[in-house]
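Chain by chain, the residues run as shown.
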Amino acid sequence: MAQFRLARLCLMLAAIGVSAPALVTSAHAQQKTDAPAAAAPAKDTVRPEIFKLLDPTAIKPLMDAKNYTEVQSRITQAEAFPNQTPYEQYVVNRMKLSLGSTTNNNALAMPALEAVINSNRLTGAEQANFMQALGNMHFNAKDYPKAIEWFKRYQKESPTPEAVRPALVRAYYLNNDFATAKTELSAMMAESAKTGKAPSEEELRLLATAANKTKDDAGYLMALEQLVRYYPKDEFWVDLLSRGVARKAGFDEPTFGPHMLRLEFAAAKNDMPPEHYTFLAETSLRDGFPAEAKQVLDAGFAAGVLGKGGDAKTHNALRGKATKQAADDAKNIAAGEASAAKSKTGAGLVNIGWAYATMDQADKGIGFIQQGIAKGGLKNADEAKLRLGMAQVRAGKKAEAIQTFESVKGGKGASDLAKYWIMFLNKAA
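The structure displayed is predicted, hence computed values, not measured ones.

Basis of the calculations
Residues numbered from 1 in each chain as written. Predicted model: local features only at pLDDT ≥ 70, side-chain atom pairs only at ≥ 80, totals over all residues. Heavy atoms only, no water. Axes fitted to C-alpha atoms, helices over the stretch in contact; angles between N-to-C directions. Helix = DSSP H or I, 4+ residues; strand = E, 2+ residues; numbered from the N terminus. Parallel < 35°, antiparallel > 145°, perpendicular 65-115°, else oblique. Contact = heavy atoms within 4.5 Å. Buried < 20%, exposed > 50% of the residue type's maximum accessible area, 1.4 Å probe, protein only. Salt bridge = Lys/Arg side-chain N within 4 Å of Asp/Glu carboxyl O. Core = buried A, V, L, I, M, F, W, Y, C linked by side-chain atoms within 4.5 Å. Domains from an automatic or database assignment. UniProt positions renumbered as here; feature names shortened; annotations may be inferred. pLDDT = per-residue confidence, 0-100. Expected span 1.5 Å × (residues − 1). Phe/Tyr/Trp six-rings, centres within 6.5 Å; stacked < 30°, edge-to-face > 60°. Arc of directions from axis to C-beta. Left-handed = near helix turned anticlockwise from the far one by under 90°. Nonpolar A, V, L, I, M, F, W, Y, C, P; charged D, E, K, R; others polar.

### Examining the packing of helix H19 (residues 335-342) against helix H20 (residues 347-358)
The interhelical angle for the contact between H19 and H20, taken along N-to-C directions, is 150 degrees, at an axis separation of 8 Å. As judged from the angle between their axes, H19 and H20 are roughly antiparallel. Mapping the contact onto sequence places Gly336, Glu337, Ala340 and Ala341 in H19 and Gly348, Leu349, Ile352 and Tyr356 in H20.

### Observations concerning unusual backbone geometry
When glycine is set aside, most residues are seen to have a negative phi, and most peptide bonds are trans. One non-glycine residue, Lys215, lies in positive phi territory at about 60 degrees. Along the chain, Lys215 falls in the loop between helix H12 (201-213) and helix H13 (217-230). By relative accessible area, which is 71% here, Lys215 ends up exposed. Backbone geometry places Lys412, a non-glycine residue, at a positive phi of 65 degrees. Inspection of the secondary structure puts Lys412 in the loop between helix H23 (398-406) and helix H24 (414-428). Overall, Lys412 belongs to the exposed group, its relative accessible area being 55%.

### So, the pattern of salt bridges
Tallying each qualifying case throughout the model produces 26 salt bridges. The partner of Asp44 in a salt bridge is Arg121, with the nearest N and O atoms 2.8 Å apart. Highlighted residues: Asp44 in the loop between helix H2 (26-33) and helix H3 (48-54) and Arg121 in the loop between helix H7 (106-117) and helix H8 (124-140), separated in sequence by 77 residues. Look at Asp44 and you get partly exposed, because its relative accessible area is 38%. Classification of Arg121 by relative accessible area gives partly exposed; the value is 25%.

### Regarding the nonpolar core
Core analysis: the largest hydrophobic core is formed by 124 residues, its most contacted members being Leu54, Leu113, Trp237, Leu263, Phe405 and Tyr420. Of the residues forming this core, the biggest block, nine residues, is contributed by H24. Of the residues that make up this core, three or more belong to each of domain 1 (48-191) and domain 2 (273-333). Apart from the residues lying within four places of it in its own chain, the contact partners of Leu263 are Trp237, Leu241, Leu417, Tyr420, Trp421 and Phe424.

### Some points on the environment of Phe236
Within the element layout of this structure, Phe236 appears in helix H14 (residues 234-246). In the structure, Phe236 is positioned 35 residues away from Asp271 in sequence and 9.5 Å away in space, judged by C-alpha atoms. Beyond its immediate sequence surroundings of up to four residues, Phe236 is in contact with Glu201, Arg205, Leu224, Leu227, Val228 and Tyr231.

### Some points on the UniProt feature "repeat: TPR" (unreviewed entry) in the chain
In the numbering adopted here, UniProt assigns the feature "repeat: TPR" (unreviewed entry) to residues 128-161. Between the end C-alpha atoms of residues 128-161 the distance is 10 Å, and the span holds 79% helix and 0% strand.

### Points about the confidence of the model for the chain
Here the chain averages 88 in pLDDT, and 90% of its residues register 70 or above. Element-level mean pLDDT values for the chain span from 41 in helix H1 (residues 9-14) up to 97 in H23. Low pLDDT, under 50, characterises residues 7-20; the predicted model gives this stretch 35 contacts beyond four residues in sequence or across chains. Per-residue pLDDT stays below 50 along residues 27-42; that stretch engages in eight contacts with residues further than four places along the chain or on separate chains.

### Some points on helix H9 (residues 144-157)
Helix length check: H9, at 14 residues, gives a terminal C-alpha distance of 20 Å against a target of 20 Å (1.5 Å per residue), a fit within 8%. All of the buried residues in H9 are Tyr144, Ala147, Ile148, Trp150, Phe151 and Tyr154. As for H9, its buried residues are in contact with H7, H8 and helix H10 (165-174).

### Re the packing of aromatic side chains
Evaluated as defined, the whole model comprises nine aromatic pairs. Between Tyr87 and Tyr90, the aromatic rings sit 6.1 Å apart at their centres with planes inclined by 40 degrees, giving tilted as the arrangement. Taken together, the residues Tyr87 and Tyr90, both in helix H6 (residues 86-102) and three residues apart, mark about one turn of the helix. Tyr87 sits in the buried class, given a relative accessible area of 6%. Judged by its relative accessible area of 7%, Tyr90 is buried. Relative to Trp421, the ring of Phe405 lies with its centre 5.5 Å away and its plane at 10 degrees, an arrangement referred to as stacked. On the criterion of sequence distance, the pair formed by Phe405 in helix H23 and Trp421 in helix H24 is long-range, its members being 16 residues apart.

### Some words on H23
Every α-helical turn comprises 3.6 residues, leaving residues that sit three or four positions apart pointing alike. Residues Ala401, Ile402, Thr404 and Phe405 constitute the buried set of H23. For H23, the buried positions fall inside an angular range of 160 degrees around the axis, keeping them on one side. Seen from the open side of H23, the exposed residues pointing more than 90 degrees away from its buried face are Ala399 and Gln403.

### Quick notes on the packing of helix H15 (residues 253-268) against helix H22 (residues 381-394)
Helix packing geometry: the angle between the two helix axes and the distance between the axes. Packing of H15 against H22 leaves a shortest axis separation of 11 Å and a crossing angle of 15 degrees. Put simply, H15 runs roughly parallel to H22. The interaxial crossing formed by H15 with H22 has left-handed handedness. For the pair H15 and H22, the contacting residues are Thr255, Phe256, His259 and Arg262 in the first and Glu383, Leu386, Arg387 and Met390 in the second. Here the residues of the contact of H15 with H22 are counted per class, giving three nonpolar, two polar and three charged.

Set out below in structure tokens:
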């Protein structure tokens, strides 16, 4: 999971202010109202002794000079006065918050911030900002249960509950509550889909991991599909084809395994493991498509995946074999057209067509494959359609390829491969 750290408290609160509110001493209040000396002080006033310590005109120069020791001394003295009114406590906590946030002293700032929030003296917007800031502080301190508590309170009391939703989801995840994280993330994905907004890569990674943690294979696959759709990195394609095709129940590996690797080669050749390169090359040689085998092996060598380590000799031998057979096939392929046309089924025509497609003669190959499909008698018509679609891709006929893949409805991996080919082509556009 990508690192996620919320904004530091001092940065977040700088815009809304964390200094103590304007102070009025009880003596000043008496002068304004001409109240007798024995009268109780006004509700929102502080005693002169506390005012003298926390007077903003005295505190500001100290803060500007970074004389934090003196500021702390004044706060400590003010806090020591007995029988403080709720407003005096509020003023002291605002000053502690100002000092703590400026000096990154969370042990000082966090209790003060909570006390300020619970004082019921903040405006609606200020109250919400302070709750979000406290949730952020707990998140950064890795106290995820407390972060969740404050983010949920923010959602309940603020008119913009969505503002903390990403942070709340991450707090659930990091608190190992993967089920709740997955539920929240799924809801976020649904809302994004309604508005046409692409979910972030980090959110999709979180969803995939949360689904994996809860053994939700369908949820994991859905997240992978979204990652491939919006952020088509090679690593996502390799995992998607493994989860969404090869590891699904009923997958016909002998028939569709090579086709899965052909899609992987098209979408994620830079992240293919060496055994995928060699397996596809060996299968292509076995089935009579040496030009394809050579292309695959050449790409593996160019990517620096093949020709190294203990298997270097084997890789080089396989490449030499593919190169020789590809040259021979290019000379003799035309001779096979007549016999393929005379065959009772269209299998030979489909094979001839795919061979031409792998020889950079895709347009010519398309015609033969189409003739083979029309002739019929094929062991697996969907397999032939996949070859036709891939030939059309090689010919640069994207719209026709998509139409062909859309016609593949069979199981055993055929329709899954067709769906992912369409996804690949649409994203490539």
